[in-house]
Amino acid sequence: MISIQPVEYEQKTILRNLLELYKYDFSEFDPEDDINANGLYEYKYVDHYFTEAERFAFFIKVEEKLAGFALVHSIGENEQNEKIYEMAEFFVMKKYRKLKCGQTAAFKLFNMFGGVWKVAEMETNVPAQKFWRKTIERYTHGNYTEIREADWDGPIQMFSSVRKAE
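Here's a quick rundown of the structure.

Analysis parameters
Residues numbered from 1 in each chain as written. Predicted model: local features only at pLDDT ≥ 70, side-chain atom pairs only at ≥ 80, totals over all residues. Heavy atoms only, no water. Pairing = 2+ DSSP bridges. Helix = DSSP H or I, 4+ residues; strand = E, 2+ residues; numbered from the N terminus. Axes fitted to C-alpha atoms, helices over the stretch in contact; angles between N-to-C directions. Contact = heavy atoms within 4.5 Å. Salt bridge = Lys/Arg side-chain N within 4 Å of Asp/Glu carboxyl O. Buried < 20%, exposed > 50% of the residue type's maximum accessible area, 1.4 Å probe, protein only. Core = buried A, V, L, I, M, F, W, Y, C linked by side-chain atoms within 4.5 Å. Parallel < 35°, antiparallel > 145°, perpendicular 65-115°, else oblique. Left-handed = near helix turned anticlockwise from the far one by under 90°. Nonpolar A, V, L, I, M, F, W, Y, C, P; charged D, E, K, R; others polar.

Turning next to the sheet that holds strand β7 (residues 156-161). Read across the sheet, seven strands follow the order β1-β2-β3-β4-β5-β7-β6 without closing on themselves; strand pairing throughout is mixed. Two strands in the sheet have a free side with no partner beyond their single neighbour: β1 (2-6) and β6 (145-147). This sheet shows a mean twist of 30° between the axes of neighbouring strands, independent of strand direction. Of the pairings in the sheet, the one linking strand β4 (residues 83-92) to strand β5 (residues 115-120) comprises three bridges and is parallel in character. Bridge assignment links Glu 86 to a residue of β5, and that residue is Lys 118. On top of the sheet, helix α3 (residues 126-140) reaches β4, β5, β6 and β7; it is set at about 20° to β7, its chief contact.

Set out below in structure tokens:
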């Protein structure tokens, strides 16, 4: 059983701890990110997910065990007044990756937030590109576009989702 649960304020330390694992995992793709003098990566936006209405933090759980997290950010609206969401960060611990945990969690999140989605990967993060292309292809049945933007070094998949109750 794979579930998505909102991160409560009292659980912020747990999210912060998982973000350290994520940033460590991610460090092979981002050579400019490094630990600070205290030996921590520190995700600078973690507090924003508890103070800004347009940011949403979720735990990904497998059989009620923490398996990862997702950070979703609403970044505005398009000309048709559809909300635009970005998958700001997404992490599944290695032991859960072969269980389709990431794909299932992503589908649940896309269904929670109806609108336009942007999912971006760094050029150097080829595993993430493969994961997101396959996941979004399955979710949309191939109805997505891949773009590049001047302020991002890597592909961005864009598609629409319709909010669905679970």
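Still more ground to cover, so stick around.
Our focus in this paragraph is the pattern of salt bridges. Under the defined criterion, the tally for this structure stands at ten salt bridges. Put simply, Asp 33 and Lys 23 hold a salt bridge, and the shortest N to O gap is 2.6 Å. On the criterion of sequence distance, the pair formed by Asp 33 in the loop between α1 (12-26) and β2 (55-62) and Lys 23 in helix α1 is long-range, its members being ten residues apart. Each of the two residues, Asp 33 as well as Lys 23, counts as buried. Note that Glu 149 is salt-bridged to Lys 118, the shortest N-O span being 2.7 Å. Pair noted here: Glu 149 is in the loop between β6 and β7 and Lys 118 is in strand β5, with a separation of 31 residues, a long-range link. What makes Glu 149 partly exposed here is its relative accessible area of 27%. Assessed through its relative accessible area of 16%, Lys 118 is described here as buried.

Look at Asn 81: it is not a glycine, yet its phi comes out positive at around 60°. Note that Asn 81 resides in the loop between β3 (65-77) and β4. With a phi close to 55°, His 141 is a non-glycine residue in the positive phi region. Mapped onto the secondary structure, His 141 falls in the loop between α3 and β6.

Moving on to the nonpolar core. Core analysis: the biggest nonpolar cluster contains 26 residues, and Ile 60, Met 87, Phe 90, Leu 109, Phe 110 and Trp 132 have the highest contact counts within it. Going through the elements one at a time, β1, β2, β3, β4, α2 (101-112), β5 and α3 are the ones with two or more residues in this core. The element that contributes the greatest number of residues to this core is α2, accounting for five residues. Counting residues in each nonpolar core, the second largest holds 16 residues, with Phe 26, Phe 29, Tyr 49 and Phe 69 among its members.

With that settled, the discussion passes to the packing of α2 against α3. α3 packs onto α2 with a crossing angle of 55° between their chain directions and a minimal axis gap of 10 Å. Classified by the angle between their axes, α2 and α3 sit oblique to one another. Where α2 crosses over α3, the two elements pack in a sense that is right-handed. Together, Gly 102, Gln 103, Ala 106, Phe 107, Phe 110 and Asn 111 of α2 and Phe 131, Trp 132, Thr 135, Ile 136, Arg 138 and Tyr 139 of α3 make up the contact between the two elements. Grouping the amino acids of the contact of α2 with α3 by side-chain chemistry returns seven nonpolar, four polar and one charged.

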